[in-house]
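Chain residues, written in single-letter form:
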Amino acid sequence: DAMVIQNPRYQVTQFGKPVTLSCSQTLNHNVMYWYQQKSSQAPKLLFHYYDKDFNNEADTPDNFQSRRPNTSFCFLDIRSPGLGDAAMYLCATSSGQGTETQYFGPGTRLLVL
Amino acid sequence: AQSVTQLDSQVPVFEEAPVELRCNYSSSVSVYLFWYVQYPNQGLQLLLKYLSGSTLVKGINGFEAEFNKSQTSFHLRKPSVHISDTAEYFCALRQTGAQKLVFGQGTRLTINP
């Protein structure tokens, strides 16, 4: 039944150590998004892929990168995590057409030590 | 530029009482409006959405919302809440033709027995 799957649910990394978060979807949607949600704040869009086209938000730090090797998978790479990058990372998908809804995964909570 | 303002950061109510969570938005172009619910340590689940047509929108779990264009509001209501409704609620907009969801800061709904 799972539609948007995120692994792992909890990730602990060390300051400066690269980390990769994973998202997969069974909806065959064209668009995949990555949001960052810090404690008690609203989700904030980092970037999204429309098919293979990467769309970065203007204020997303260079430290954050993404890869989408195929329709089903999308990865978030944090090259050198800082303490301020500790957050919940949410993956979402949509069909990319008209009035479509975004469907969210359960999120990965990242802790930086 | 577009924005979403949720007027209450916290709303405590007693079980079986009615509740209204307020949301105002600002946009220079037409928008789609959404309410999402987030339970602790989970992703976002869509409650309801307004795309066009009838201004009263019914969603899951007994929630409904009314789109008011003149007041640029999209308030969420439920006539009788349950303990299980305790969660964070986010109002969001998406401009027509755009992919990005813009979220409000969230309202924490606490149900007291």
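Structure's up top.
Here the structure is a predicted model, which means the values were calculated and not measured. (Residues numbered from 1 in each chain as written. Chains lettered and ligands numbered in written order. Predicted model: local features only at pLDDT ≥ 70, side-chain atom pairs only at ≥ 80, totals over all residues. Heavy atoms only, no water.)

Peer 1: I'd like a rundown of the overall build of chain B, residues and numbers included.
Peer 2: Helix and strand counts for chain B come out as zero helices and 12 strands. Each helix (α) and strand (β) of chain B, taken in turn from the N terminus, gives the series β-β-β-β-β-β-β-β-β-β-β-β. Relative to a compact globule of 113 residues, whose C-alpha radius of gyration would be 13 Å, chain B shows 13 Å and is just as compact. Taking the principal axes of its C-alpha atoms as reference, chain B extends roughly 45 × 30 × 20 Å. Taking all 113 residues of chain B together, 46% fall into the buried category. Excluding contacts between residues fewer than 6 apart, the proportion of contacts in chain B whose partners are at least 24 apart in sequence is 56%. Of the roughly 5400 Å² of accessible surface on chain B, a fraction of 49% belongs to carbon and sulfur atoms. For chain B, the separation between the mean place of its 9 positive charges and that of its 8 negative charges on side chains is 12 Å. (Helix = DSSP H or I, 4+ residues; strand = E, 2+ residues; numbered from the N terminus. Rg over C-alpha atoms; globule rule 2.2 N^0.38 Å. Buried < 20%, exposed > 50% of the residue type's maximum accessible area, 1.4 Å probe, protein only. Contact = heavy atoms within 4.5 Å. Areas by Shrake-Rupley, 256 points an atom, 1.4 Å probe, with all protein chains shown as cover. Lys, Arg positive; Asp, Glu negative; His and termini not counted. Charge placed at Lys NZ, Arg CZ, Asp CG, Glu CD.)

Peer 1: Before we move on, could you go through the interface of chain B and chain A and cite the residues and values that matter?
Peer 2: Contact residues are listed per partner, giving 19 residues for chain B and 26 residues for chain A. Overall, the association of chain B and chain A removes approximately 1700 Å² of surface from exposure, summing both partners, and the carbon and sulfur fraction of that is 49%. Counting the surface chain B buries against chain A, the share from its top three residues, Asn41, Leu44 and Gln99 of chain B, is 33%. Here chain B is connected to chain A by one salt bridge. (Buried area = accessible area lost by both parts, 1.4 Å probe. Salt bridge = Lys/Arg side-chain N within 4 Å of Asp/Glu carboxyl O.)

Peer 1: I'd like to hear about the pairing of strand S8 (residues 64-68) of chain B, residue by residue, with values.
Peer 2: Residue and element names in this part refer to chain B. The alternating pattern of S8 places Ala65 and Phe67 on a buried face and Glu64, Glu66 and Asn68 on a face that is not buried. Bridging between strand S7 (residues 56-58) and S8 involves three bridges; their strand directions are antiparallel. Counterpart to Leu56 in the pairing with S8 is Glu66. One ladder, built from five bridges, connects S8 with strand S9 (residues 73-78); its direction is antiparallel. Looking at the pairing, Ala65 lines up with Leu76 of S9. (Pairing = 2+ DSSP bridges.)

Peer 1: Please give an account of the packing of aromatic side chains that cites residues and values.
Peer 2: Within the structure shown, the criterion is met by 15 aromatic pairs over all chains. For the ring pair Phe63 of chain B and Tyr89 of chain B, a centre distance of 5.5 Å and an interplane angle of 45 degrees mean the geometry is tilted. With a gap of 26 residues between them, Phe63 of chain B in the loop between S7 and S8 and Tyr89 of chain B in strand S10 (residues 87-95) connect regions that are remote in the sequence. Classification of Tyr89 of chain B as buried rests on a relative accessible area of 0%. A centroid spacing of 6.2 Å and a plane angle of 85 degrees characterise the contact between Phe90 of chain B and Phe103 of chain B, whose relative ring orientation is edge-to-face. Linking Phe90 of chain B in strand S10 with Phe103 of chain B in strand S11 (residues 102-103), this pair joins segments that are 13 residues apart in sequence. Phe103 of chain B matches Phe90 of chain B in its accessibility class, with the two residues each being buried. Members of the aromatic cluster, connected to one another through ring pairs, are Tyr33, Tyr35 and Phe104 of chain A together with Phe34, Tyr36, Phe90 and Phe103 of chain B. (Phe/Tyr/Trp six-rings, centres within 6.5 Å; stacked < 30°, edge-to-face > 60°.)

Peer 1: Please set out the sheet that holds strand S1 (residues 4-7) of chain A residue by residue, giving values where relevant.
Peer 2: Across a sheet, strands are paired by hydrogen bonds formed along the backbone, either parallel or antiparallel in direction. Residues and elements named next belong to chain A. Taken in spatial order, the four strands of this open sheet run S1-S3-S8-S7, and their pairing is antiparallel. The sheet is open, and its two edges are formed by S1 and strand S7 (64-67), each paired on a single side. When the angles between neighbouring strand axes are averaged without regard to direction, this sheet yields 20 degrees. Summarising the sheet, S1 and strand S3 (residues 19-25) pair through four bridges and their orientation is antiparallel. In the sheet register, Asn7 faces S3, and the bridge partner there is Ser22. (Axes fitted to C-alpha atoms, helices over the stretch in contact; angles between N-to-C directions.)

Peer 1: Account for the pairing of strand S6 (residues 53-56) of chain A, with residues named and values stated.
Peer 2: All names here are of chain A. Where strand S5 (residues 44-50) meets S6, four bridges bridge the pair, whose relative direction is antiparallel. By the bridge assignment, Tyr49 is partnered in S6 with Phe54. Hairpin connection from S5 to S6: two residues lie between these consecutive antiparallel strands, with Asp51 at a positive phi of about 55 degrees.

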